Amino acid sequence: MKDIVEKIKEEYEYFIVNANAQMEKGNKAAGARARKAALELMQDFKTFRKESVEASK
């Protein structure tokens, strides 16, 4: 479960960098990268939830 938490942390940092670039500089490519990172985060959160439920049993 530590691996998925570390992956979420890295993906979130990547998302923040690109989201800020889109908002502050109007960088359209950064917006696309941020949206892709958001999709990855959603999948990672689902994986974390699944692993967390299994670990608590």
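Since the model is a prediction, treat every value here as computed from it, not as a measurement.

Rules used in this analysis
- Residues numbered from 1 in each chain as written.
- Predicted model: local features only at pLDDT ≥ 70, side-chain atom pairs only at ≥ 80, totals over all residues.
- Heavy atoms only, no water.
- Salt bridge = Lys/Arg side-chain N within 4 Å of Asp/Glu carboxyl O.
- Helix = DSSP H or I, 4+ residues; strand = E, 2+ residues; numbered from the N terminus.
- Buried < 20%, exposed > 50% of the residue type's maximum accessible area, 1.4 Å probe, protein only.
- Expected span 1.5 Å × (residues − 1).
- Contact = heavy atoms within 4.5 Å.
- Axes fitted to C-alpha atoms, helices over the stretch in contact; angles between N-to-C directions.
- Parallel < 35°, antiparallel > 145°, perpendicular 65-115°, else oblique.
- Left-handed = near helix turned anticlockwise from the far one by under 90°.
- Nonpolar A, V, L, I, M, F, W, Y, C, P; charged D, E, K, R; others polar.
- Polar contact = N/O pair within 3.5 Å; in protein donor to acceptor, adjacent residues only side chain to side chain.

**What about the pattern of salt bridges?**
Here is step 1: Under the counting rule described, the total for this entry stands at 1 salt bridge.
Here is step 2: Lys-7 is paired through a salt bridge with Asp-44; the nearest N and O atoms lie 3.4 Å apart. Here the residue Lys-7 occupies a position in helix 1 (residues 2–25), and Asp-44 occupies one in helix 2 (residues 28–56), the gap between them amounting to 37 residues.
Here is step 3: Owing to a relative accessible area of 3%, Asp-44 belongs among the buried residues under this scheme.

**Quick look at helix 1**
Here is step 1: If you check helix 1, its first and last C-alpha atoms are 34 Å apart, about what 24 residues at 1.5 Å a residue would give, namely 34 Å.
Here is step 2: Buried within helix 1 we find Ile-4, Ile-8, Glu-11, Asn-18, Ala-19 and Ala-21.
Here is step 3: For helix 1, the secondary structure elements touched by its buried residues are helix 2.
Here is step 4: Remark: Gly-26 follows helix 1 within two positions and exhibits a positive phi of approximately 70°.

**Some words on the packing of helix 1 against helix 2**
Here is step 1: At a closest axis distance of 8 Å, the pairing of helix 1 and helix 2 adopts a crossing angle of 160°. Taken together, the axes of helix 1 and helix 2 lie roughly antiparallel to each other. Helix-helix and strand crossings are classified by hand; for helix 1 and helix 2 the assignment is left-handed.
Here is step 2: When the residues that make up the contact of helix 1 with helix 2 are grouped by side-chain class, the tally is 15 nonpolar, 4 polar and 7 charged.

**Digging into the side chain of Asn-18**
Here is step 1: With respect to the element layout, Asn-18 can be found in helix 1.
Here is step 2: By relative accessible area, Asn-18 is classed as buried at 6%.
Here is step 3: At 2.8 Å, the side chain of Asn-18 forms a polar contact with the side chain of Arg-33.
Here is step 4: Those residues in contact with Asn-18 that sit more than four places away from it in its chain are Ala-30, Gly-31, Arg-33 and Ala-34.

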